[in-house]
Amino acid sequence: MIKMMKELFTIVGFVALLFSSSATAQGIDRGALLATMCVTCHGPGGQGSKRIPSIDNHSDHELAEYMHGFKEGTERATIMDRHASSYSDEEINLLAKYFYEAKQ
Amino acid sequence: MRNLNRRDFIKLVGVSSASSMLALPIRASATAAYRVVIIGGGFGGATCANYLKHFDPAIDVTLVEPKKEFVTCPFSNTVLAGLHDMEFITHNYDRLRDHNKIHVVNDTVIDIDATKKIVILNNGNKLSYDRLVISPGIGFRWGLIKGYDDEASHIMPHAWRAGEQTILLRKQLQAMDDGGVVIIAPPPEPFRAPPAPYERASLIAYYLKKAKPKSKVLIVDSNKTFAKQSLFEAGWKKLYPGMIEWVSGSDVGRIERVDAGSMQLFSSSGQEFKGAVVNLIPPQQANTIAVNTALTDQDGWCPVNQKTFESLKQKDIHVIGDASIVGDMPKTGHAANTQAKICAANIVSDIRGVAIPEMVYSTSIYSLLSKKYAISRASVYRLKDNKIKAVSVKDSPNKASKKTRLQESKYALGWYKSITADAFAKEE
């Protein structure tokens, strides 16, 4: 439990740092801003929540592949197909890159 | 886990690390004293406070909320069903205050001076702001239904603000004799949480089926259709055959008068309805503080700039959540949470004098029909011609396996855990 809490603090800290530093240099990063929608369900930093899968433990390529699969209907989904279909390929790639880099 | 060192920091900020490092002191000095006051500690206000600090820890953020704990409307229907207790839907502000360094002031705002940019509290204290965000939630339009006022709501609870009203309705359901009729009367749209009356009907039926199986739920609706209607109706047929009856607004018109003594409702079409338990949800508008501050239009809701959520009535005041008029977005906790993040990003970007990137807004609205059966609506919105427009609104499939409905009930719970962690900085 303590380990989990520590990890959570670190994840929250990472995300906060990334937000604040990216807000500094050239405004808020688009990937970071788009990602604020994902964490509402997928938990702080995308760590997952109960049965909602984590999205912080894939390579950017893997995560993008899932999302493209949901969008195109080749990957089975319960709800993500309905969300992914309205995101552009560029937005999907930005999100995948964001979650991958936030974890590194 | 390891501590964050300089190398990690550079890795985090990536290619722009050098410029970010150089820019940090400038940022800190530019906004050190920038004060944002937020009124209302629900999904909108708490999320906005949290994300302002995420985007820029140097901003001085004060959250004003009269209550020390917030009881969520989402999942309050599970309390009526006996699936969760009140503690499950009650959240405090400790982590926002202690960990995220947000000033939490437990008091009521009695006035706002938009010219002097001051918020006046009930205890006489004044808070100065550079930017004000109001997320006041809903108020009730008591005058519209004759005989229904605050006092009558202790006999016919609305339970549309979670808390004591939720407990009261739960107790009434527990005390009701088997064979009783529970009336749920939703108001005309727009109102908070459009699918929630129908989720409530489902979860009350869930309780009654187990505890008082001869009882019924009657929905006396002032609307002619409702969200996820075919999914709800199919679910009711399957889970609670013959237990839930829906009377359309095309028959009812609207509720004009009540008699709390005889537990009767009288509709504009001349019909009378009598229940053993009556859950009357009154017509709504933006909460009092928004009305008193002249932030509302003739319908009682707050018009805002759809990109920034800045009020169209008062400068430097943003209105988010149920009280605001936000294009195609319904009035839900998830929508308020979404608006709060974009509002925070806009404020931070505005301070910096930089543009905010193009946004995509997503919400997932889950409704539980039983402990193991849920449906959802996934909506994606974009800003088009200065209006937030729904790009897609997609419901769960009409035909789905038991496993899919079960999966969605688990996602609903995961959603609740995540969104409360997101808004109140809770640990999951």
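Residues numbered from 1 in each chain as written. Chains lettered and ligands numbered in written order. Predicted model: local features only at pLDDT ≥ 70, side-chain atom pairs only at ≥ 80, totals over all residues. Heavy atoms only, no water.

Novice: Would you take a moment to explain the pairing of strand β7 (residues 118-121) of chain B for this structure?
Specialist: On a regular strand, one side chain projects to one face of the sheet and the next to the other, so that they alternate. All names here are of chain B. Pairing of strand β6 (residues 109-113) with β7 involves 4 bridges; the strand directions are antiparallel. Each bridged residue has a counterpart across the sheet, and for Val109 the counterpart in β7 is Leu121. Linking β7 back to strand β8 (residues 126-128) in an antiparallel pair, the connection comprises 4 residues, with Gly124 at a positive phi of about 95°. (Pairing = 2+ DSSP bridges. Helix = DSSP H or I, 4+ residues; strand = E, 2+ residues; numbered from the N terminus.)

Novice: I would appreciate a short explanation of the packing of aromatic side chains in the present structure.
Specialist: Evaluation of the coordinates by the stated rule reveals 19 aromatic pairs over all chains. Aromatic pair A:Tyr98 and A:Phe99: ring centres 5.2 Å apart, planes at 75°, arrangement edge-to-face. Considered together, A:Tyr98 and A:Phe99 belong to a single accessibility category, that of buried residues. By way of ring pairs, the aromatic residues B:Tyr198, B:Phe226, B:Phe232, B:Trp236 and B:Trp246 are connected into one cluster. In this structure, B:Arg170 is placed above the aromatic ring of B:Tyr207, and the distance from its NZ or CZ to the ring centre is 4.8 Å. (Phe/Tyr/Trp six-rings, centres within 6.5 Å; stacked < 30°, edge-to-face > 60°. Buried < 20%, exposed > 50% of the residue type's maximum accessible area, 1.4 Å probe, protein only. Lys NZ or Arg CZ within 6 Å of the ring centre and 35° of its normal.)

Novice: Before we go on, may I ask you to explain unusual backbone geometry in this structure?
Specialist: Here the amide bond leading from B:Glu189 into B:Pro190 is cis, since omega sits at 0°, within 30 degrees of zero. With respect to the helices, strands and loops of the structure, B:Pro190 is situated in the loop between β11 (181-185) and α7 (196-211).

Novice: Any chance you could explain the sheet that holds strand β23 (residues 373-384) of chain B here in plain terms?
Specialist: Strand pairing in a sheet relies on backbone hydrogen bonds. The paired strands run either parallel or antiparallel. All names here are of chain B. One open sheet accounts for 3 strands, arranged β22-β23-β24; its pairing is antiparallel. Either end of the sheet is taken by a strand with one partner, and the two such strands are β22 (360-370) and β24 (387-395). Sheet twist, expressed as the average angle between the axes of neighbouring strands with direction ignored, equals 25°. Where β23 lies against β24, 8 bridges are found, and the strand directions are antiparallel. Looking at β24, one finds that Arg382 is bridged to Lys389. (Axes fitted to C-alpha atoms, helices over the stretch in contact; angles between N-to-C directions.)

Novice: Mind showing me how you'd approach the packing of helix α11 (residues 333-352) of chain B against helix α12 (residues 402-424) of chain B here?
Specialist: Packed helices, taken two at a time, are described by the angle between their axes plus the distance between the axes. Residue and element names in this part refer to chain B. In the contact formed by α11 and α12, the axes pass within 11 Å of each other and the chain directions differ by 35°. Considering only the axes of α11 and α12, their crossing is left-handed. On α12, the residues touching Gly333, His334, Asn337 and Lys341 of α11 are Trp415, Ile419 and Asp422. Residue composition of the contact of α11 with α12, by class: 2 nonpolar, 3 polar and 2 charged. (Left-handed = near helix turned anticlockwise from the far one by under 90°. Contact = heavy atoms within 4.5 Å. Nonpolar A, V, L, I, M, F, W, Y, C, P; charged D, E, K, R; others polar.)

Novice: Sorry, what's going on with the layout of surface pockets here?
Specialist: All names here are of chain A. In this structure, the second largest pocket spans a volume of roughly 860 Å³. If you trace the second largest pocket, you find 35 residues lining it, with His42, Pro53, Phe70, Ile79 and Met80 closest to the centre. Here the residues of the lining of the second largest pocket sort into 20 nonpolar, 12 polar and 3 charged. (1 Å grid on protein atoms, 1.4 Å probe; cavity = no way out; pocket = protein on both sides within 12 Å on 5 of 7 lines; lining within 4 Å. Points joined across faces, edges and corners; volume = space filled by probe spheres on them.)

Novice: Would you take a moment to explain a positive patch on the surface for this structure?
Specialist: Residue and element names in this part refer to chain B. Residues Lys210, Lys238, Lys371, Lys372 and Lys402 make up a contiguous surface patch of positive charge. Mapped onto the secondary structure, Lys238 falls in helix α8 (residues 229-239). In this structure Lys238 comes out as exposed when scored by relative accessible area, which is 60%. (Patch = residues over 30% accessible without salt bridge, like charges linked within 9 Å, V, L, I, M, F, W, Y side chains within 5 Å. Areas by Shrake-Rupley, 256 points an atom, 1.4 Å probe, with all protein chains shown as cover. Salt bridge = Lys/Arg side-chain N within 4 Å of Asp/Glu carboxyl O. Lys, Arg positive; Asp, Glu negative; His and termini not counted. Charge placed at Lys NZ, Arg CZ, Asp CG, Glu CD.)

Novice: How should the sheet that holds strand β15 (residues 264-267) of chain B be read in this particular structure?
Specialist: All names here are of chain B. With antiparallel pairing, the 3 strands of this open sheet are ordered in space as β14-β15-β16. Only two strands of the sheet have a single partner each, and these edge strands are β14 (255-259) and β16 (272-274). Mean inter-strand twist for the sheet, computed between neighbouring axes without regard to direction, equals 20°. Inspection of the sheet shows β15 paired to β16 by 3 bridges, in the antiparallel sense. Bridged to Gln264 within β16 is Lys274.

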